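The chain contents come next:
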Amino acid sequence: MRVFDFDHAIVRLPGRSVIHGLRHDTQALPDYDGVADEHRTYVSALRDAGLDVDTLPPLEDFPDSVFVEDPALVFSEGAILLRPGAASRRHEAEEMRGALRRHFHRVLELGEGACVDGGDVLVTPMSVLIGLSKRTVLEGAQALCRALAELGRQARIVETPGSVLHLKSAAALIGEDTVVTTRALEGSGMFSGFKVLLTPPGEEAAANLVRINDVVLVGSGYPRTIDMLTGHGFELRTLPVGEVAKLDAGLSCMSLRWHAARTAA
Ligand code: CIR
């Protein structure tokens, strides 16, 4: 089974409060209907890619809770409840506990202590990369390494440039030995041993894409990235992300994905 072979996903509907989510550019105000439309299209694409999608209800108290990738990690072997780094997002982990217990026999918890966001965790065939960022600190990354070891997974802690919110804001595994990333992140050296496809200048945010089974979901506003990936033979599904991008988000953060073959869900 490949690391991007999935048959299940968890998503959460955006609440009307999503427009108050965290964002670095406070000028570009996101629109609730726009986010909801993009989310609907995304969920359809997950279903079309063959996933059984569990859709959780909106949480108005947590504007960023639509970005379910950050409070948890999921694998065939079990799930890990994380501790998001932004204070306004901390309780999203508790809100995810019930869904994880419904789907997984093993749910490990990082618990109290230092923070890790799931957006900083990139699963590759050899190891799980954990990026240190404004949201993920060393102590949290080390606690996550221990939890991953309990699930039989090796991890490697890496540094991400300060300009990047999350590791997966700027990198995705698109083939078993191939990543798509930005020039800035490639410069960190963390992808030595991988084939690297660089996003064209000005389209850095396109690296927040997601491969699911044989299809790659990519933002529709990145024509040069789309051409590049098509040229490399990837099957693409382009999706609108203009509104979620105003919340510093993209395609990977809106779902938790796993293959349930070895779980007893
Ligand atoms: C945040 O700043 O936490 C949200 N507005 C966006 C989170 C995006 N998540 C991700 O890249 N994994």
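Relevant structure appears above.
As the structure is a computational prediction, the values presented were derived from the model and not from experiment.

Parameters and conventions
Residues numbered from 1 in each chain as written. Predicted model: local features only at pLDDT ≥ 70, side-chain atom pairs only at ≥ 80, totals over all residues. Heavy atoms only, no water. Helix = DSSP H or I, 4+ residues; strand = E, 2+ residues; numbered from the N terminus. Buried < 20%, exposed > 50% of the residue type's maximum accessible area, 1.4 Å probe, protein only. Near = heavy atom within 4 Å. Polar contact = N/O pair within 3.5 Å; in protein donor to acceptor, adjacent residues only side chain to side chain. Areas by Shrake-Rupley, 256 points an atom, 1.4 Å probe, with all protein chains shown as cover. Nonpolar A, V, L, I, M, F, W, Y, C, P; charged D, E, K, R; others polar. Core = buried A, V, L, I, M, F, W, Y, C linked by side-chain atoms within 4.5 Å. Contact = heavy atoms within 4.5 Å. Pairing = 2+ DSSP bridges. Axes fitted to C-alpha atoms, helices over the stretch in contact; angles between N-to-C directions. Patch = residues over 30% accessible without salt bridge, like charges linked within 9 Å, V, L, I, M, F, W, Y side chains within 5 Å. Salt bridge = Lys/Arg side-chain N within 4 Å of Asp/Glu carboxyl O. Lys, Arg positive; Asp, Glu negative; His and termini not counted. Charge placed at Lys NZ, Arg CZ, Asp CG, Glu CD. Phe/Tyr/Trp six-rings, centres within 6.5 Å; stacked < 30°, edge-to-face > 60°.

**Topic: unusual backbone geometry**
Despite not being glycine, N213 has its phi angle at roughly 55 degrees, a positive value. When you line up the elements, N213 lands in the loop between strand 12 (210–212) and strand 13 (215–219). Residue N213 is classed as buried on the basis of its relative accessible area of 16%. Positive phi, close to 60 degrees, is recorded for D248, a residue that is not glycine. With respect to the helices and strands, D248 occurs in the loop between helix 6 (242–245) and strand 15 (256–258). Judged by relative accessible area, D248 falls into the partly exposed class, the value being 23%.

**Thoughts on the site of the ligand**
Neighbouring residues of the ligand: 15 residues in total, closest L22, D64, R89, R135 and L247. H166 places a polar side-chain atom, nitrogen or oxygen, 2.9 Å from an oxygen atom of the ligand. Within the backbone of L247, a nitrogen or oxygen atom sits 2.8 Å from a nitrogen atom of the ligand. For the ligand, whose accessible area on its own is 340 Å², the fraction buried by protein is 100%. Across the shell around the ligand, the residue classes break down as six nonpolar, three polar and six charged.

**Section: the nonpolar core**
L46, F67, F191, I212, L217 and L251 are the most contacted members of the largest nonpolar core, which totals 42 residues. If one sorts the elements of this core by residue count, helix 1 (residues 32–48) sits on top with five residues. If we skip the residues at most four places from it in the chain, F67 touches R89, E92, V244, L247, A249, C253 and M254. One finds F75, L108, L110 and L144 within the second-largest nonpolar core, a separate group that totals 17 residues.

**Examining the pairing of strand 9 (residues 171–175)**
Regular strands show a simple pattern: their side chains alternate between the two faces of the sheet. Counting buried positions over the five residues of strand 9 gives five, a clear majority of the element. For strand 9 and strand 10 (residues 178–181), the ladder comprises four bridges, and the chain directions are antiparallel. Residue pairing across strands places G175 opposite T178, the latter belonging to strand 10.

**Quick notes on the sheet that holds strand 15**
Taken in spatial order, the three strands make up an open sheet running 2-1-15, and their pairing is mixed. Since the sheet does not close on itself, it has two edges, and those belong to strand 2 (52–56) and strand 15, each with one partner. Neighbouring strand axes in the sheet, compared pairwise and without regard to direction, differ in orientation by 15 degrees on average. Where strand 1 (residues 8–12) and strand 2 come together, five bridges link them in parallel fashion. When the sheet's bridge partners are listed, H8 is paired in strand 2 with D52. Along the sheet, helix 1 makes contact with strand 1, strand 2 and strand 15, crossing strand 1 at roughly 170 degrees.

**Comments concerning the side chain of D117**
Inspection of the secondary structure assignment puts D117 in the loop between strand 5 (107–109) and strand 6 (121–123). Within the structure, D117 has its side chain in polar contact with the side chain of R135 (distance 3.4 Å). A polar contact of 2.7 Å, which involves the side chain of D117, links it to the side chain of H166. Sequence-distant contacts of D117, that is, excluding residues within four places in its chain, are made with D70, L82, R83, P84, G85, R135, T136 and H166.

**What about the environment of G250?**
Examined against the element boundaries, G250 turns out to sit in the loop between helix 6 and strand 15. C-alpha separation for the pair G250 and V218, spaced 32 residues apart in sequence, amounts to 9.0 Å. Apart from residues lying up to four places away in sequence, G250 is in contact with N208 and V244.

**With respect to a negative patch on the surface**
Together, E60, D61, E94 and E95 line one region of the surface with negative charge. Among the structural elements, E94 can be located in helix 2 (residues 92–103).

**As for the packing of aromatic side chains**
What the rule picks out here adds up to two aromatic pairs. Relative to W258, the ring of F104 has its centre 4.8 Å away and its plane inclined at 45 degrees; by these criteria the two rings are tilted. With F104 in the loop between helix 2 and strand 5 and W258 in strand 15, this residue pair connects regions lying 154 residues apart in the sequence. What makes F104 buried here is its relative accessible area of 4%. Here the aromatic rings of F191 and F194 are separated by 6.1 Å at their centres, their planes lie at 90 degrees, and the arrangement is edge-to-face.

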